[in-house]
Amino acid sequence: MKTLSESRCYGGMQGVYSHASTATGGEMTFGLFLPAEAEEGPVPVLWYLSGLTCTHENAMVKAGAQRWAAEAGIALVFPDTSPRGEGVANDPAFDLGQGAGFYVNATQKPWAPHFRMWDYVTDELPRLLFNTFPLAEEAQSITGHSMGGHGALTVAMSFPGRFASVSAFAPICQPMASDWGRKQFRAYLGPDEQLWAAHDSTALMRRLGFDGPLLIDQGTADQFIDLLRPEALAGAMTERRQGGTFRMQKGYDHSYFFVSSFIEDHVSFHAAALMG
């Protein structure tokens, strides 16, 4: 693992690191914020999965989460959204290829050799982090924005007991029924839609639900709301009688102005679950 940068931040340390990844077959970069308490021992950790076109850097720089994480004494992990580099397949469209991994393990050409983001964020990167940094493996929560909200919800529901809480900002809620999902799932996973259901949060909500606190924020002025389909997930939560909070925030769009407006709520929400 290489240290790319480390900067003092709210009494803690914001680092950026890279490492050779077996899952993606190339070099991966991630951000990690450690609060001051990490100098004394392992701290709880909140995973933040980013959206389409993002790298590890977008949320790390724009969300403003470090301030609230430092107050709560929890770490923040900012993985990248896809493999990158020479020899990694790409597409001219912004919603497929590099920057658009969708947190799945691709099985189709030309994506299969590198696009294994499910294994990366659920197995390889956690093992690296917990073996290297003072993080408490038994105290994890997860959140994300847009494509990353889709990833946070599907990962949380697929690993019962791993995460104390889950939240999402404007998640892609029903990718099997949206152009933000059908296109990518067909490219990465092939035409068999039965294989797609494991990565659809609405389908997972109906089948599995989440045994813990859940928070979702969605802006009413989100320019992509028809692609996100929040009504589908809200309906599935109601059908299952899933405990949780689903908030429609009047006038907010899809940008990091929206995320930064409510990041304090989300960090505090996760801190309560992690510390409780």
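These notes cover the structure that comes with them. (Residues numbered from 1 in each chain as written. Predicted model: local features only at pLDDT ≥ 70, side-chain atom pairs only at ≥ 80, totals over all residues. Heavy atoms only, no water.)

### With respect to the environment of Gln174
Then comes step 1: With respect to the element layout, Gln174 can be found in the loop between strand S7 (163-169) and helix H5 (179-189).
Then comes step 2: Residue classification places Gln174 among the buried residues on the basis of a relative accessible area of 13%.
Then comes step 3: Other than its neighbours up to four places away in sequence, Gln174 contacts Asp200, Thr202, Leu228, Arg229 and Ala232.
Then comes step 4: Within polar-contact distance, the side chain of Gln174 engages the side chain of Arg229 at 2.6 Å. (Helix = DSSP H or I, 4+ residues; strand = E, 2+ residues; numbered from the N terminus. Buried < 20%, exposed > 50% of the residue type's maximum accessible area, 1.4 Å probe, protein only. Contact = heavy atoms within 4.5 Å. Polar contact = N/O pair within 3.5 Å; in protein donor to acceptor, adjacent residues only side chain to side chain.)

### Remarks on the pattern of salt bridges
Then comes step 1: Enumeration over the complete set of coordinates arrives at 10 salt bridges.
Then comes step 2: For Asp95, the salt bridge goes to Lys183, with nearest N and O atoms at 2.7 Å. Of this pair, Asp95 sits in the loop between strand S5 (75-79) and helix H3 (117-132) while Lys183 sits in helix H5; the two residues are 88 residues apart in sequence, bridging distant segments of the chain.
Then comes step 3: Overall, the relative accessible area of 9% leaves Asp95 in the buried class.
Then comes step 4: Measuring nitrogen to oxygen at the nearest pair gives 3.0 Å for the salt bridge that ties Asp265 to Arg247. Of this pair, Asp265 sits in helix H9 (residues 256-275) while Arg247 sits in strand S9 (residues 245-249), and the two are 18 residues apart along the sequence.
Then comes step 5: For Arg247, a relative accessible area of 24% translates into the label partly exposed. (Salt bridge = Lys/Arg side-chain N within 4 Å of Asp/Glu carboxyl O.)

### Brief notes about the packing of helix H2 (residues 65-72) against H9
Then comes step 1: It is the contact of H2 with H9, at a shortest axis distance of 9 Å, that shows an interaxial angle of 25°. By the criterion of interaxial angle, the relationship of H2 to H9 is roughly parallel. The element H2 and its partner H9 pack so that their crossing is right-handed. Across from Ala65, Trp68, Ala69 and Ala72 in H2, the residues of H9 making contact are Ile263, Glu264, Val267, Ala271 and Met275.
Then comes step 2: Among the residues forming the contact of H2 with H9, the class breakdown is 8 nonpolar, no polar and 1 charged. (Axes fitted to C-alpha atoms, helices over the stretch in contact; angles between N-to-C directions. Parallel < 35°, antiparallel > 145°, perpendicular 65-115°, else oblique. Left-handed = near helix turned anticlockwise from the far one by under 90°. Nonpolar A, V, L, I, M, F, W, Y, C, P; charged D, E, K, R; others polar.)

### Regarding the packing of aromatic side chains
Then comes step 1: Per the stated rule, a full pass over the model turns up 15 aromatic pairs.
Then comes step 2: Between Tyr17 and Phe133 the ring centres are 5.2 Å apart and the planes differ by 55°, which places this aromatic pair in the tilted class. Note that Tyr17 is positioned in strand S2 (residues 12-21) and Phe133 in the loop between H3 and strand S6 (135-144), a separation of 116 residues in sequence.
Then comes step 3: A relative accessible area of 12% places Phe133 in the buried class.
Then comes step 4: Consider the rings of Phe185 and Trp196, whose centres lie 5.9 Å apart with planes at 65°: the pair is edge-to-face. A residue pair is termed long-range when its members are at least 10 positions apart, and Phe185 in helix H5 and Trp196 in the loop between H5 and helix H6 (201-207) qualify at 11 residues. For the pair shown, Phe185 and Trp196 are each scored as buried.
Then comes step 5: Aromatic ring contacts, followed pair by pair, group Phe169, Tyr252, Phe258 and Phe262 into a single cluster.
Then comes step 6: Over the face of the ring belonging to Phe159 we find Arg162, whose NZ or CZ atom lies 4.2 Å from the ring centre. (Phe/Tyr/Trp six-rings, centres within 6.5 Å; stacked < 30°, edge-to-face > 60°. Lys NZ or Arg CZ within 6 Å of the ring centre and 35° of its normal.)

### Structural notes on the layout of surface pockets
Then comes step 1: By volume, the largest pocket amounts to about 180 Å³.
Then comes step 2: Lining the largest pocket are 13 residues; nearest its centre among them are Leu52, Thr53, His145, Phe224 and His254.
Then comes step 3: A breakdown of the residues in the lining of the largest pocket according to their chemical character gives 6 nonpolar, 7 polar and no charged. (1 Å grid on protein atoms, 1.4 Å probe; cavity = no way out; pocket = protein on both sides within 12 Å on 5 of 7 lines; lining within 4 Å. Points joined across faces, edges and corners; volume = space filled by probe spheres on them.)

### Some remarks on the side chain of Gln218
Then comes step 1: Mapped onto the secondary structure, Gln218 falls in strand S8 (residues 214-219).
Then comes step 2: Looking at Gln218, the relative accessible area reads 0%, which means it is buried.
Then comes step 3: Those residues in contact with Gln218, other than ones at most four positions away along the chain, are Ala170, Ile225, Leu228, Pro230, Phe246, Arg247, Met248, Gln249 and Phe258.

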